[in-house]
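Examination of the molecular architecture
The residues making up each chain are set out below.
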Amino acid sequence: MSAGSRIKPDEVREIATLSRLRLSDEEVAALTQDLDSILGYVAELSALDMTGVEPMTHAVPFDCPLRADEVRPSLPLEEALANAPRREASFFQVPRIVPGPSGGGGEEDL
Amino acid sequence: MTAPASPVHPKYEVVIGLEVHVQLATRSKIFSWSSTAFGAEPNTQTDPVCLGMPGTLPVLNAAAVEAAVRLGLAAGCAIRPRCRFSRKHYFYPDLPKGFQISQFDEPICEGGAIKFRLHGEPRSVRLTRIHMEEDAGKNLHAAAGVSFVDYNRAGVPLCEIVSEPDVRSAEEAAEYVRAIRSLVRYLGIGDGNMEEGSLRCDANVSLRLHGAKEYGTKAEIKNMNSFKNVRDAVEYEVKRQASLLDKGERVVQETRLWDASRGVTQSMRSKEQAHDYKYFPEPDLPPLVVDEAYLARVRASQPELPEDRFARYTGPDGLSPQDAGVLVADRETAAYFDAVVAAGAPGKKAANWVINEVLARVTDPRELGEAALPVPAVALAELVSLIEGGTLSGKLGKDVFAKMWAGKRSAGDIVKAEGLTQVSDAGALEEACRRVVAAHPDEAARFKDSPKLMGFFVGAVMKETGGKANPKAVNEILRRLLG
Amino acid sequence: MIDPRASTSTIAAIAPGVRAGKVRAREVAEAYLERIAREDAALGCYVRVDAEGARRSADAVDAAVKAGRDPGPLAGVPLGIKDIFCTKGVETTCASRILRGFVPPYESTVTARLAAAGAVSLGKLNMDEFAMGSSNENSAVGTVKNPWSLAHVPGGSSGGSAAAVAASLCLGATGTDTGGSIRQPAALCGVVGIKPTYGRVSRYGVIAFASSLDHPGPFARTVEDTAALLEVMAGPDPLDATSVPQPVGAYAKAARAGREGLHGVRVGVPAEYFAAGMDPEIEAAVRAAHEELARAGATLVPVSLPHTKYAIATYYLVCTAEASSNLARYDGVKYGARAADPRSLEDLYSRTRGEGFGREPKRRIMLGTYVLRAGYYEAYYGKALRARRKIADDFAAAFAKCDVLVTATSPVPAFKFGERMGDPLQMYLADVLTVAPNLAGIPALALPCGFTSTRLPIGLQVMGPPLGEEACFRVAGAYESRTSWHEQRPPDVGGAK
Ligand SMILES: [Mg+2]
Ligand SMILES: [Zn+2]
C-alpha cells in the first residue's frame with residue numbers, strides 16, 4: 001500500500017479524541033505519517049498462520065494468587081489528597097461534570 | 001402479593017433484560033486493602049491501589065471470589081474453571097485508572113437462572129452471566145461549576161448479574177430484583193440495600209408486537225434506587241415507547257435516567273452513546289482458577305436457599321404458598337420460623353404468629369435475626385404451646401403476646417402473674433352458664449329460632465369469667481342448657 | 001579512600017568491607033556524591049540527587065554495624081534508581097511533564113528491598129519518558145550523554161542507569177526493560193544488565209508502561225555485582241499478582257562458578273540473530289565471544305528461532321495497546337500536572353494529556369487506542385497475542401537443544417543524538433534483538449564484549465529459559481573472567497560541557 005493509505009488525518013483526530021489528547025495540526029500530520037508507516041509494518045503479521053494458536057496474554061503460566069480479606073490502614077486523608085492538582089475540603093475537585101457512564105449510584109448532588 | 005399484576009399491553013409484548021450490580025460485603029476492597037465500610041468521611045478509605053496511583057497493582061481478594069462463586073452456585077450457573085479479568089476503558093473522574101477491572105469474554109459464572117414467584121406463579125429468569133468487577137468512586141456535583149470526587153467506594157467488589165431478556169413486565173422486573181436481594185442476603189454476601197447503592201439495577205426495555213420474533217430497539221434505564229423505582233421507571237418507559245410506536249415513530253437506542261421526583265425517564269444526551277470500551281485481558285492478573293475441590297468446599301457450606309425453603313414449607317400438609325412466600329422472603333424470617341417450629345410449635349400456627357404478629361411489629365424483617373428481639377423464637381413457641389394445651393384462649397394469647405413484646409417477659413410468667421389461666425373446670429363453668437341463662441330469659445326463649453344468639457351467650461359467659469373461660473367447653477354447656 | 005573508578009570498587013568488595021566495619025558507608029556515599037557533583041553536569045544521568053537521604057541511610061548502616069547488627073548483604077552500596085521506581089516522599093516523574101511534582105506515598109518493592117539490604121540510594125536517574133525509547137532522547141527533563149562519547153546516546157530507556165554505572169556515578173542501578181531498555185543501554189554504555197524472567201522481580205511501585213512486558217532489573221559493572229543486586233531485588237511479592245512464587249536462585253554463586261569453565265554447557269547460536277543490517281564490527285565481536293565460550297568448554301549449537309522476524313511487529317502491537325491503557329490514569333485529577341483553567345471536563349482531560357505527554361507516549365497511546373478499538377482488536381491485538389505465543393514456542397524449542405542463547409544485544413553501537421529521531425519505525429527496528437525475550441518472558445543478560453574502532457562499547461546478550469537466570473550468570477561470568485572489557489573506564493568529563 002502507498003503512504004497515507006492506511007490512515008487519514010480525520011481518523012487520527014478521531015483516535016485523539018478517544019484518547020483524550022489535544023493535538024495541534026502539525027502533530028496530527030506527523031502522527032498520520034507515523035501511524036501509517038507503523039501500521040504498514042505490522043501488517044506483516046497477516047502472513048502468519050494462526051489457526052489453533054492460543055493467545056498469549058501473560059508471559060509466565062501461573063494462576064491468579066488470592067489475598068486474604070484483611071483491612072489495612074487507609075492512606076491518611078492528607079496523603080491521599082497531597083498530590084491532587086486541585087482539592088476542595090476532603091475532595092478531589094474537577095470541572096462540573098454531566099452524569100456519565102458510571103450512571104446510577106455514583107452521582108449525587110451536593 | 002399486594003399490587004395487582006401489570007396489565008398485559010394489548011398490542012405490544014414488553015421485553016426486559018436487567019443488569020444488577022451487587023456490592024459484596026467483604027471487609028477490604030476487591031484488589032486492595034482499604035476498608036469497604038459505607039458512610040465514612042470522603043476519601044478516608046483509600047490506598048495507593050484503589051486511587052490508581054502509578055505503579056500500583058491489583059491483588060484479588062479471596063472473599064470476593066468466594067462470594068461470586070456462592071452466588072453463581074445458588075443461581076445454578078456454570079462456574080468457569082478458568083476465568084479472566086479484562087480492562088474496560090472510559091475516562092471519567094470516578095474511575096481512577098481510566099479503566100475498570102472487570103470481566104469480559106471469560107466471566108466467572110455463565111448461565112443459570114433467578115427463580116421467584118409472581119402472584120404465586122413460579123418464574124425463572126435466565127442469566128447470561130455473573131461477573132466480578134470493581135466499583136467506581138462517587139462524583140458529587142456542587143453548585144459553582146465544579147464537581148467533587150470521593151474514592152471511598154472505588155474498588156468495592158461487585159458482582160454484575162446480567163439477565164436474558166426474559167422479564168415481561170415492570171412488576172416482574174421489580175420482583176426479579178427483590179429475588180436477587182433475597183438471595184444475596186441469604187448467602188450473606190451483601191446487604192442488598194438499594195437506597196445506599198449496594199444493590200443497583202439497570203433495565204434494558206424494548207417492545208415488540210405480540211408474536212413478533214425480532215426484538216425492538218431497546219433503551220437502557222439507569223438510576224432506579226428502590227424496588228418502586230424499578231417498577232415505576234419501567235412502567236413509564238413502556239408507556240413512552242408504546243406511544244412512540246403507536247405514532248409510527250422509532251425508539252432511539254440510548255441510555256435514559258429515571259427521575260423519581262418527576263416520574264419520567266430522560267435521555268442522558270451525553271457522549272456516552274458512542275462508547276468503545278476497548279476491552280483487553282488484564283495483564284496484571286493471571287487467569288483465576290476455580291477447581292472442583294474449591295467448588296466442593298463452597299457447596300458444602302451453602303445455606304438453604306429461598307426456593308428450597310419454599311418447597312420444604314409447602315410440602316404435603318404444609319403452608320399455603322402465600323404464607324410460605326412471606327416466610328422465605330428474608331433469611332432471618334425463615335430462620336426464626338424454623339426455630340419456632342423446632343421448639344415445638346405446629347407449622348401452620350407458627351406461621352400465623354410469625355406473619356401476623358411478629359412481622360407486623362418490625363420495620364425490617366432482618367430484625368428477626370437480632371439477639372435483642374423482644375420475643376425470641378423459643379418464647380413464641382412457649383406461647384403457642386400454652387394455647388395449644390388449652391391454658392390460654394387465642395384471644396388471651398394475643399394479649400399475652402403484646403405484653404411479651406412490650407416487656408420482654410415469657411408467656412408463662414405473664415400467665416402466672418396475672419392469673420390468666422383459662423377456666424376449664426366443668427363445675428365452675430356450669431355455674432357461670434346457668435347464671436347467664438337465668439339473667440337473660442328473653443334471649444333464652446328466642447334461642448331455638450335464632451341460634452345466632454349463641455355468640456351473645458358465649459360473650460356474656462366470657463365477661464362473667466373475666467375472659468378466662470374455655471370457649472369450647474362453654475359452647476357445649478350452653479347448647480345443653482338452652483337446647 | 002574510595003575511588004569509584006577503581007577496579008576494586010565493586011559491590012563484591014565494598015559491601016563486605018562495610019559489613020565488617022572496615023569501610024564506613026558514609027565514606028562511600030560521600031565519594032560517590034562528590035563524583036556526581038563533579039561529573040554529572042556533563043552527563044545528565046541524575047534527575048534528582050538525594051544527598052541528604054543518601055547520608056541518612058549511610059549513617060544508619062554505619063550505626064547498625066557499630067551496634068553489632070547486620071546491615072544486610074548490600075551494606076553501604078551506593079545505587080542510582082531509575083525514576084520509574086516510586087520512592088516514598090521523593091518526587092517520581094518517569095521523566096514526564098505529566099507527573100511533575102508527584103511524590104508517591106508508597107515505596108516500590110524493589111527499592112524497599114534494596115534499602116532493607118543496606119543499599120544507599122544516591123538519587124533518581126534519567127530515562128526516556130515512561131520508558132518509551134531507545135536513546136534517552138525522549139526524556140522531558142534533559143538528555144543523558146554516553147560517557148564513552150558525549151556526542152552519542154547512552155541508549156534507552158534506562159539510559160541514565162547505564163551511563164551512571166559506566167561513569168562510576170554509582171556502584172549499581174535499577175532499570176526496567178520492556179523491549180530491551182536494560183540490555184540495550186547496558187550494551188551501548190559497556191556495563192552489565194539483566195532482564196530476569198517475567199515476574200522474577202516485583203513490578204509493585206514500578207510505573208507501568210506495558211504491564212505484560214515490563215521487567216525490572218539491575219545494572220552493575222560486573223556480572224557478579226549484577227547477580228548480587230538481583231538476589232536482593234528478586235522474589236515473590238504479595239503486592240504483585242504476576243510475581244513468580246519460586247524461591248530466588250544463587251545468582252552470584254553461579255556467576256563465580258562460571259570462572260571454573262563451561263564444560264557441559266550448550267550455547268545456542270540462533271541464525272536469525274545475525275541478519276542483514278547488523279554492524280560488521282558487532283557481528284565480529286559476537287562471533288569472537290562464541291569462540292571464547294567454546295574455549296571455556298562450552299559446546300556451540302546452531303539453533304533456529306523462525307518467528308524472530310515477527311517480533312518487532314508483535315512487540316509494538318502489544319506494548320502500545322497496554323501503554324494506551326496504563327497511561328489513561330494521567331488525567332489531571334488525582335496527581336501530577338493539570339492544564340490551566342480547564343473549561344470543562346473534556347477540556348481538562350485533553351489539554352492535560354495533550355500538554356503533559358511528549359511525542360513518543362502520544363504516538364504509542366494513539367497506536368494502542370487504534371488497535372484496541374472495537375472491530376480492530378482481532379486484526380491487530382488478537383493476532384499479536386497469537387504471534388507472541390509462536391515466538392515463545394520458538395524459544396522453548398531452542399532450549400530443548402541448548403542451555404543458553406548467545407547473541408548480540410544491539411545490532412548497532414551507540415548512535416549520535418538526533419540521528420534517528422526523525423523516523424520512529426527505524427528506531428523501533430533497532431530493538432530487533434531484544435524484544436523477543438520480553439514477549440517470551442525469558443531472562444536475558446547483556447555484558448560488554450568489545451569496542452568498535454571508534455571506541456564505542458559492544459554488548460553480548462545471554463538468554464536463558466524461564467527461571468534460567470543462573471545459567472545466564474554462569475555463562476556471563478565465564479566470559480567476563482576470560483576478558484577485560486569490564487575493567488575499562490570511559491574518560492572523566494569533569495566540568496566538560
Ligand atoms: Mg454492564
Ligand atoms: Zn458493571
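Our structure's up above, just so we're on the same page.
All values derive from a computational prediction rather than experimental measurement.

Parameters and conventions
- Residues numbered from 1 in each chain as written.
- Chains lettered and ligands numbered in written order.
- Predicted model: local features only at pLDDT ≥ 70, side-chain atom pairs only at ≥ 80, totals over all residues.
- Heavy atoms only, no water.
- Helix = DSSP H or I, 4+ residues; strand = E, 2+ residues; numbered from the N terminus.
- Contact = heavy atoms within 4.5 Å.
- Areas by Shrake-Rupley, 256 points an atom, 1.4 Å probe, with all protein chains shown as cover.
- Rg over C-alpha atoms; globule rule 2.2 N^0.38 Å.
- Buried < 20%, exposed > 50% of the residue type's maximum accessible area, 1.4 Å probe, protein only.
- Lys, Arg positive; Asp, Glu negative; His and termini not counted.
- Charge placed at Lys NZ, Arg CZ, Asp CG, Glu CD.
- Donors = N, O, S within 2.8 Å, 3.2 Å for Na, K, Ca; no water.
- Buried area = accessible area lost by both parts, 1.4 Å probe.
- Salt bridge = Lys/Arg side-chain N within 4 Å of Asp/Glu carboxyl O.
- Polar contact = N/O pair within 3.5 Å; in protein donor to acceptor, adjacent residues only side chain to side chain.
- Nonpolar A, V, L, I, M, F, W, Y, C, P; charged D, E, K, R; others polar.
- Axes fitted to C-alpha atoms, helices over the stretch in contact; angles between N-to-C directions.
- Parallel < 35°, antiparallel > 145°, perpendicular 65-115°, else oblique.
- Left-handed = near helix turned anticlockwise from the far one by under 90°.
- Core = buried A, V, L, I, M, F, W, Y, C linked by side-chain atoms within 4.5 Å.
- Pairing = 2+ DSSP bridges.
- Expected span 1.5 Å × (residues − 1).
- Phe/Tyr/Trp six-rings, centres within 6.5 Å; stacked < 30°, edge-to-face > 60°.
- Arc of directions from axis to C-beta.

A word on the overall build of chain A
Of regular secondary structure, chain A possesses three helices and four strands. Ordered by position from N to C terminus, the α and β elements of chain A give α-α-β-α-β-β-β. Residue pairs at least 24 apart in sequence account for 32% of intrachain contacts in chain A once pairs closer than 6 positions are excluded. Just so you have it, chain A exposes about 5600 Å², and 54% of that area is on carbon and sulfur atoms.

Examining the overall build of chain B
The helix and strand tally for chain B stands at 15 helices and 18 strands. Over its C-alpha trace chain B gives a radius of gyration of 29 Å, far above what one expects of a compact globule, namely 23 Å for 483 residues. Counting only C-alpha atoms and orienting by the principal axes, one finds that chain B spans roughly 95 × 55 × 50 Å. The buried share of chain B, taken over its 483 residues, is 58%. Of the side-chain charges in chain B, 62 are positive and 64 negative, and the distance between the mean point of each set is 2 Å.

Quick look at the coordination of the magnesium ion (ligand 1)
Residue and element names in this part refer to chain B. Around the magnesium ion (ligand 1), the protein supplies Glu19 (OE) and Glu160 (OE) as donor atoms, at distances of 2.3 to 2.6 Å. Between the magnesium ion (ligand 1) and the zinc ion (ligand 2), the interatomic distance is 4.1 Å, and glutamate 160 donates to each metal, bridging them. One end of the pair, glutamate 19, is in strand β1 (residues 12-23); the other, glutamate 160, is in strand β12 (residues 157-163), with 141 residues separating them in the sequence. Accessibility classification places glutamate 19 together with glutamate 160 in one group, the buried group.

As for the coordination of the zinc ion (ligand 2)
All names here are of chain B. The coordination sphere of the zinc ion (ligand 2) contains the protein donors His21 (NE2), Glu133 (OE) and Glu160 (OE), at a distance range of 1.9 to 2.1 Å. Coordination of the zinc ion (ligand 2) draws on donor residues from a single chain, spaced H-x111-E-x26-E in sequence. A relative accessible area of 2% means that glutamate 133 is categorised as buried.

Here we look at the interface of chain B and chain C
Counting residues at the interface gives 32 residues for chain B and 39 residues for chain C. Summed over both partners, the interface of chain B with chain C buries about 2800 Å², with 63% contributed by carbon and sulfur atoms. When residues of chain B are sorted by the area they lose upon contact with chain C, Pro54, Leu57 and Phe91 of chain B head the list and together hold 22% of the total. The interface formed by chain B and chain C holds one salt bridge in total. As a salt-bridge pair, aspartate 284 of chain B and arginine 203 of chain C come within 2.9 Å of each other at their nearest N and O atoms. In this assembly, chain B and chain C are joined by 13 residue pairs in polar contact (both at pLDDT 80 or more). Within the residue set of the side of chain B that touches chain C, elements represented by two or more residues are β5 (86-89) and β17 (280-281) of chain B. Looking at the side of chain B that touches chain C, its residues break down into 21 nonpolar, five polar and six charged.

Structural notes on the packing of helix α2 (residues 170-187) of chain B against helix α3 (residues 227-246) of chain B
Residue and element names in this part refer to chain B. In contact at an axis separation of 8 Å, α2 and α3 are set at 155° when each is read in the N-to-C sense. With respect to each other, α2 and α3 are oriented roughly antiparallel. Pair α2 / α3 crosses with right-handed handedness. Facing α2, whose interface residues are Ala170, Glu171, Ala173, Ala174, Val177, Arg178 and Arg181, α3 presents Phe227, Val230, Arg231, Val234 and Glu235. Among the residues making up the contact of α2 with α3, the classes are represented as seven nonpolar, no polar and five charged.

Structural notes on the interface of chain A and chain B
Across the contact, 45 residues belong to chain A and 63 residues belong to chain B. Roughly 4800 Å² is buried in total at the junction of chain A and chain B, and carbon and sulfur atoms are behind 60% of that figure. A salt bridge links arginine 82 of chain B to aspartate 63 of chain A; its shortest N-O distance comes to 3.8 Å. Counting across the chain A and chain B interface gives 22 residue pairs in polar contact (both at pLDDT 80 or more). Mapped onto the side of chain A that touches chain B, the elements with two or more residues apiece are β1 (66-67), α3 (77-81), β3 (91-95) and β4 (107-109) of chain A. Here the side of chain A that touches chain B gets five residues from one element, more than from any other, and that element is β3 of chain A. Across the side of chain A that touches chain B, the residue classes tally to 21 nonpolar, 13 polar and 11 charged.

Here we look at the nonpolar core
Core analysis: the biggest nonpolar cluster contains 204 residues, and Leu114, Phe130, Phe395 and Phe473 of chain C have the highest contact counts within it. Ranked by the residues each element gives to this core, the list is headed by helix α10 (residues 311-326) of chain C, at 10 residues. With 113 residues, the next largest nonpolar core counts Val69, Leu187, Met194 and Leu386 of chain B among its residues.

Points about the pairing of strand β8 (residues 113-118) of chain B
All names here are of chain B. Among the six residues in β8, five count as buried, and that is most of the element. As paired elements, β8 and strand β9 (residues 121-134) share six bridges and run antiparallel to each other. The residue bridging alanine 113 from the neighbouring strand is arginine 126, located in β9.

Quick notes on helix α9 (residues 377-388) of chain B
Residues and elements named next belong to chain B. With 12 residues, α9 should reach 16 Å at 1.5 Å per residue; the first-to-last C-alpha distance of 16 Å fits that figure. For α9, the secondary structure elements touched by its buried residues are α7 (331-342), α8 (347-358), α10 (394-407) and α11 (411-417). Backbone geometry just downstream of α9 places glycine 390 in the positive-phi region, at approximately 90°.

Section: unusual backbone geometry
Negative phi values dominate among residues other than glycine, just as trans dominates among peptide bonds. A cis amide bond links glycine 156 of chain C with the next residue in sequence, serine 157 of chain C, at an omega value of 10°. Along the chain, the position of serine 157 of chain C falls in the loop between β3 (120-125) and α5 (159-166). Positive phi outside glycine occurs at arginine 20 of chain A, with the angle close to 55°. You can call arginine 20 of chain A buried: its relative accessible area is 15%. In this structure, asparagine 43 of chain B is a non-glycine residue whose phi angle is positive, near 55°.

A closer look at the pattern of salt bridges
Under the defined criterion, the tally for this structure stands at 74 salt bridges over all chains. Aspartate 177 of chain C is the salt-bridge partner of arginine 183 of chain C, the closest N and O atoms lying 2.8 Å from each other. There is no split in this pair, since arginine 183 of chain C and aspartate 177 of chain C are both buried. Across the salt bridge formed by glutamate 224 of chain C and arginine 259 of chain C, the nearest N and O atoms sit 2.7 Å from each other. Of this pair, glutamate 224 of chain C sits in helix α7 (residues 223-233) while arginine 259 of chain C sits in the loop between α8 (251-257) and β7 (266-270), placing them 35 residues apart in sequence. Note on glutamate 224 of chain C: relative accessible area 14%, which makes it buried. By relative accessible area, which is 44% here, arginine 259 of chain C ends up partly exposed. Through salt bridges that share partners, Arg22 of chain A together with Arg343, Asp347, Arg351 and Glu355 of chain C make up one connected network.

Digging into the packing of aromatic side chains
Residue and element names in this part refer to chain C. For the coordinates displayed, the defined rule picks out 31 aromatic pairs over all chains. Considering the side-chain rings of tyrosine 370 and tyrosine 380, the 5.7 Å spacing of their centres and the 65° angle between planes classify their relative orientation as edge-to-face. In this pair, tyrosine 370 sits in helix α12 (residues 359-372) while tyrosine 380 sits in helix α13 (residues 378-398), placing the two residues 10 residues apart along the sequence. Overall, the relative accessible area of 4% leaves tyrosine 370 in the buried class.

Thoughts on helix α1 (residues 9-18) of chain A
All names here are of chain A. Considered for burial, the residues of α1 that qualify are Glu11, Val12, Ile15 and Ala16. Taken end-on, α1 shows its buried residues confined to a sector of 145°, consistent with a single buried face. Exposed residues pointing more than 90 degrees away from the buried face of α1 are listed as Asp10 and Thr17. Where α1 ends, the next residue or the one after it, arginine 20, has phi of about 55°, a positive value.

The analysis is restricted to geometry; functional conclusions fall outside its scope.
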